[in-house]
Amino acid sequence: EPEVTQTPSHQVTQMGQEVILRCVPISNHLYFYWYRQILGQKVEFLVSFYNNEISEKSEIFDDQFSVERPDGSNFTLKIRSTKLEDSAMYFCASMVQYSNQPQHFGDGTRLSIL
Amino acid sequence: EDQVTQSPEALRLQEGESSSLNCSYTVSGLRGLFWYRQDPGKGPEFLFTLYSAGEEKEKERLKATLTKKESFLHITAPKPEDSATYLCAVIDNNNDMRFGAGTRLTVKP
């Protein structure tokens, strides 16, 4: 069964550094998402992406964050000037087409900011 | 603002002891309610989508139901491998997806 893959599985970064989290969505999916889950807390929506542009973003997704689909398969989340509170699991998800279809999630990248 | 509340926060069952998990929601125009299973260190794994009140879906020992204000995930004769956190999520008319905090289920042999 096709799946969403994320790399790396764990990223350790010094505070203030930039990180790029990578995702390969399911190949025929058209909608892409990033979510964050701080340890012990809810999964929180960050951003959705369709047709090469951001379609929705939450208040968490400020100027520190950016997303890109650099080629036909990858979908990336860049976090500039990381802060301690950015430590969390970051999940990528993708969806076929219609907005009330299920999103399929990757296994996440655990980001640890030191 | 949309709200999704799951209860209980944690549930411990003996193998074979059936029970239900609850997800109550307040949303501006429900487009869909989703149940996911999340194992430790993994991403949410899709289980069910429900679209309208009265709808039911089943998969093995799990059955999800939906009313206008809440959804239940019924677990019949659970096994230890059903131990996981079960997440409920809703999508509203603005296409915003919001998750509940989850119910952590432990099934003892």
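Rules behind the numbers
Residues numbered from 1 in each chain as written. Chains lettered and ligands numbered in written order. Predicted model: local features only at pLDDT ≥ 70, side-chain atom pairs only at ≥ 80, totals over all residues. Heavy atoms only, no water. Pairing = 2+ DSSP bridges. Helix = DSSP H or I, 4+ residues; strand = E, 2+ residues; numbered from the N terminus. Axes fitted to C-alpha atoms, helices over the stretch in contact; angles between N-to-C directions. Disulfide = S-S within 2.5 Å. Salt bridge = Lys/Arg side-chain N within 4 Å of Asp/Glu carboxyl O. Contact = heavy atoms within 4.5 Å. Buried area = accessible area lost by both parts, 1.4 Å probe. Polar contact = N/O pair within 3.5 Å; in protein donor to acceptor, adjacent residues only side chain to side chain. Nonpolar A, V, L, I, M, F, W, Y, C, P; charged D, E, K, R; others polar.

J.: An account of the sheet that holds strand 1 (residues 5–7) of chain A is requested, with residue identities and associated values reported.
T.: Residues and elements named next belong to chain A. With respect to topology, 4 strands assemble into an open sheet ordered 1-3-8-7, the strand pairing being antiparallel. Only two strands of the sheet have a single neighbouring strand rather than two, namely strand 1 and strand 7 (65–68). Put simply, the sheet's adjacent strands are angled 20 degrees from each other on average, direction ignored. Direction of pairing for strand 7 relative to strand 8 (residues 75–79): antiparallel, over a ladder of 4 bridges. Residue Phe65 lies in a different strand from strand 8, and its bridge partner there is Ile79.

J.: Please give an account of the state of the cysteines that cites residues and values.
T.: In the structure shown here, the tally under the stated rule is 2 disulfides over all chains. Between the sulfur atoms of Cys23(A) and its disulfide mate Cys92(A) the distance is 2.0 Å. With the S-S dihedral at roughly -65 degrees, the linkage between Cys23(A) and Cys92(A) falls on the left-handed side. Linking Cys23(A) in strand 3 (residues 19–24) with Cys92(A) in strand 9 (residues 88–95), this pair joins segments that are 69 residues apart in sequence. Through a disulfide, Cys23(B) is tied to Cys88(B); the S-S separation comes to 2.0 Å. Linking Cys23(B) and Cys88(B), the disulfide has an S-S dihedral of approximately -60 degrees and is accordingly described as left-handed. You can see Cys23(B) sitting in strand 3 (residues 19–26) and its partner Cys88(B) sitting in strand 9 (residues 84–91), a full 65 residues away along the chain.

J.: If you had to explain the pattern of salt bridges to someone new, which residues and values would you point to?
T.: The final tally for this structure, using the stated rule, is 6 salt bridges over all chains. We note a salt bridge from Arg37(B) to Asp39(B), for which the minimum N-O separation is 3.1 Å.

J.: Pulling in residues and values, what's your account of the interface of chain B and chain A?
T.: Residue-level contacts link 21 residues of chain B with 17 residues of chain A. When the two sides are added together, the surface that chain B and chain A hide from each other amounts to roughly 1600 Å², 53% of it contributed by carbon and sulfur. Run the count over chain B and chain A and you get 1 salt bridge. We note a salt bridge from Lys42(B) to Asp107(A), for which the minimum N-O separation is 3.6 Å. Our count for the chain B to chain A interface comes out at 4 residue pairs in polar contact (both at pLDDT 80 or more). Broken down by secondary-structure element, the contributors of at least two residues to the side of chain B that touches chain A are strand 4 (32–38), strand 5 (45–50), strand 9 and strand 10 (97–99) of chain B. Per-element tally for the side of chain B that touches chain A: the top contributor is strand 4 of chain B, with 3 residues. Taken together, the residues that form the side of chain B that touches chain A break down as 11 nonpolar, 7 polar and 3 charged.

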